[in-house]
Amino acid sequence: MSELVTRIADNVGISPERAETALGMMLGFLQREAADGPVARMIEAIPGAAELVAKHNGEGAGGGGLLGGLMSAIGGGGIMGLGQQLMSQGLGMGEISTLAKETMAVAREYAGADVVDEVVASVPGLSQFV
């Protein structure tokens, strides 16, 4: 997994620690929001992904302070909620966009394009970012 984290950190331009947290949060989001079958196959195919989800899935989940609570209360969770969580980790919009694209590129390499396309199609709004 460290090779993937390093690759994402380098391509996004962030520290490996921040990349690990962000990747775990993004995969955790997908695990919660995407269709169960395809996302399970995707996470299983990526070496170390399940461990990252277990380690970082809770970071920011349901958090985000008052704004995060308000967004969840008015239905602003989903992809926008993930964006807010990643911003609270210090990522900018450009970094988040690159992170999403890199994560899906890695997923395609390991799980195949068909599985990743099913995952993306099952999450409202995700296709705009990847």
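Residues numbered from 1 in each chain as written. Predicted model: local features only at pLDDT ≥ 70, side-chain atom pairs only at ≥ 80, totals over all residues. Heavy atoms only, no water.

For the chain, the name recorded in an unreviewed UniProt entry is DUF937 domain-containing protein, with Rhizobium glycinendophyticum as its organism.

Enquirer: Any details on the environment of proline 124? Residues and values, ideally.
Expert: Relative to the assigned elements, proline 124 resides in the segment after α8 (113-121). With a relative accessible area of 70%, proline 124 lands in the exposed category. A sequence separation of 90 residues divides proline 124 from alanine 34, and the C-alpha atoms of the two residues are 9.0 Å apart. (Helix = DSSP H or I, 4+ residues; strand = E, 2+ residues; numbered from the N terminus. Buried < 20%, exposed > 50% of the residue type's maximum accessible area, 1.4 Å probe, protein only.)

Enquirer: Hey, could you go over helix α3 (residues 36-45) for me, with residue numbers and the actual values?
Expert: Given 3.6 residues per helical turn, the α-helix brings residues three or four places apart onto the same face. Those residues of α3 not exposed but buried are Pro38, Val39, Met42 and Ile43. Within α3, the buried residues cover an arc of 125 degrees as seen down the axis, which keeps them to one side. Exposed and oriented more than 90 degrees from the buried face of α3 are Asp36 and Glu44. On its buried face, α3 sits against α2 (16-33), α4 (49-56), α7 (93-111) and α8. (Arc of directions from axis to C-beta. Contact = heavy atoms within 4.5 Å.)

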